[in-house]
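Now for the letters of each chain:
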Amino acid sequence: MSNTNELTNRINERYSSMSKGQKLLANYITDFYDKAVFLTAAKLGEVVGVSESTVVRFAAQLGYKGYPEFQKALEEMVRGKLNSIQRMEVTYGRISQSRILESVLHADMEKIKGTLEKIDENAFELAVETILNAERIYVVGIRSCAPLASFLAFYLNFMFDNVIQLHTNSSSELFEQMVRIGKEDVIIGISFPRYSMRTLKALEFANNRSAKVITLTDSVHSPMNLYSSCNLIADSDMASIVDSLVAPLSVINALIVALCMRKQDEVADTLEMLEEIWDEYQVYENDEIDYIDDKLKMHYAKIGDLDV
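In this report, we go over the structure that sits alongside the text. What you see is a predicted model; the values in this text were computed from it and never measured. (Residues numbered from 1 in each chain as written. Predicted model: local features only at pLDDT ≥ 70, side-chain atom pairs only at ≥ 80, totals over all residues. Heavy atoms only, no water.)

1. Let's talk about the overall build of the chain
- If you tally the helices and strands in the chain, you get 15 helices and 5 strands.
- Across the 308 residues of the chain, 42% fall into the buried class.
- Contacts in the chain between residues at least 24 apart in sequence constitute 67% of all its contacts with a sequence separation of at least 6.
- Of the roughly 17900 Å² of accessible surface on the chain, 52% is carried by carbon and sulfur atoms. (Helix = DSSP H or I, 4+ residues; strand = E, 2+ residues; numbered from the N terminus. Buried < 20%, exposed > 50% of the residue type's maximum accessible area, 1.4 Å probe, protein only. Contact = heavy atoms within 4.5 Å. Areas by Shrake-Rupley, 256 points an atom, 1.4 Å probe, with all protein chains shown as cover.)

2. Side note on the environment of isoleucine 29
- For isoleucine 29, the position within the fold is in helix α2 (residues 20-31).
- Overall, isoleucine 29 belongs to the buried group, its relative accessible area being 0%.
- Sequence spacing of isoleucine 29 and isoleucine 11 is 18 residues, and the spatial spacing of their C-alpha atoms is 9.5 Å.
- Setting aside its immediate chain neighbours within four residues, isoleucine 29 contacts Ile11, Ala36, Phe58, Phe70, Leu74 and Met77.

3. Description of empty space enclosed by the protein
- One pass over the structure, following the stated rule, counts 1 cavity of 30 Å³ or more.
- Considering only enclosed or pocket space, the largest cavity measures out at about 40 Å³ in volume.
- Every residue lining the largest cavity is listed: Leu152, Ile188, Leu216, Leu232, Val251, Ile252 and Leu255.
- The dominant element in the lining of the largest cavity, judged by the number of residues it contributes, is helix α13 (residues 246-262), at 3 residues.
- Tallied by class, residues from the lining of the largest cavity come to 7 nonpolar, no polar and no charged. (1 Å grid on protein atoms, 1.4 Å probe; cavity = no way out; pocket = protein on both sides within 12 Å on 5 of 7 lines; lining within 4 Å. Points joined across faces, edges and corners; volume = space filled by probe spheres on them. Nonpolar A, V, L, I, M, F, W, Y, C, P; charged D, E, K, R; others polar.)

4. A closer look at unusual backbone geometry
- Although it is not a glycine, arginine 143 adopts a positive phi angle of roughly 60 degrees.
- Classification of arginine 143 by relative accessible area gives exposed; the value is 68%.

5. Examining the sheet that holds strand β3 (residues 186-190)
- Reading across the sheet, the 5 strands line up as β2-β1-β3-β4-β5 and stay open at both edges, with parallel pairing between neighbours. With one partner strand each, in any of the chains shown, β2 (163-165) and β5 (230-233) form the two edges of the open sheet. Pairs of neighbouring strands in the sheet enclose a mean axial angle of 15 degrees, with direction left out of account.
- Pairing of β3 with strand β4 (residues 212-217) involves 5 bridges; the strand directions are parallel. Paired with isoleucine 187 across the two strands is valine 213, which belongs to β4.
- On top of the sheet, helix α9 (residues 121-132) reaches β1 (137-141), β3, β4 and β5; it is set at about 125 degrees to β5, its chief contact. (Pairing = 2+ DSSP bridges. Axes fitted to C-alpha atoms, helices over the stretch in contact; angles between N-to-C directions.)

6. A short note on the layout of surface pockets
- Here the second largest pocket is characterised by a volume of approximately 240 Å³.
- Taken together, Ile112, Thr115, Leu116, Ile119, Asp120, Glu121, Phe124, Ala247, Ser250, Val251 and Ala254 make up the lining of the second largest pocket.
- Contributions of two or more residues to the lining of the second largest pocket are made by α8 (100-118), α9 and α13.

7. Examining the pairing of β1
- Along β1, 5 of the 5 residues are buried, which leaves the element largely enclosed by surrounding structure.
- Covered by surrounding structure in β1 are Ile137, Val139 and Gly141 together with Tyr138 and Val140, the residues of both alternating faces.
- Bridging between β1 and β2 involves 3 bridges; their strand directions are parallel. The partner of isoleucine 137 across the bridge, within β2, is valine 163.
- Assessed by its sense of winding, the connection that carries the chain from β1 through helix α10 (residues 146-156) to β2 is right-handed. (Right-handed = clockwise from strand over helix to strand, strands pointing away.)

8. Describing the packing of α2 against helix α4 (residues 41-48)
- The N-to-C vectors of α2 and α4 enclose an angle of 100 degrees; their axes lie 10 Å apart at closest approach. Relative to α4, the element α2 is oriented roughly perpendicular. Together, Leu24, Leu25 and Tyr28 of α2 and Leu44, Val47 and Val48 of α4 make up the contact between the two elements. (Parallel < 35°, antiparallel > 145°, perpendicular 65-115°, else oblique.)

Shown next as structure tokens:
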């Protein structure tokens, strides 16, 4: 059962056994959920015409420990029904400007904690083994998940020879890049609501070619898991036009560290070789600040400006 429909399902299942006042509350929430989400227990009772205690009993009747837990479930339902701007208003509408930073960072902390509690460690270990044994590693993440895919592919390239990050604006381009995928390969698909149909199609294509499929998504009910044998679950929240992808990034970090620990020698050799290349071609000479030699670099920068 998805979080988005959980409250609606509970109301439908228990409606026939509710009291008259509770049915009034159920009807109001079903019809005016976008307004009810902003109301305290006392205010909701006042609007519907029942007592505050009836509202509290209504929440308990639905299986929630109290009104705050019920209200959280209501917020989850509302986010699934509203557009991006309305979702932002629901989530942040009651927060003052001075508390936005605190609220957002606290919410991100809670998502990481929630992910730690629910992620399947066996699935995580299976993902590590599958990647280690793959001939080719494909990574796909589209739209807001593209940075996650880029981050993962960037570090996988330090450890493996055949890492392919799929870049695409259409399904046909996607399949062209995957034309050689087979049973010895693995694809890692990253997608969170709103789920990407192109990512799903890529996973379906890989599955049809007998490739291993690993997903990083928000729920066991995610459509991304239709073709996956290894599901990594991380909390996400599309509470505005900006997705919270802090928890998925933490899972990716853990995956990278686990792989590095298993391939320490290869990683060390690669980094040593890269350091030599960076020094030889002065890759970072004009691209990063070196605090030890900062004055000298500033001097060279001024000379370069004069030459121009």
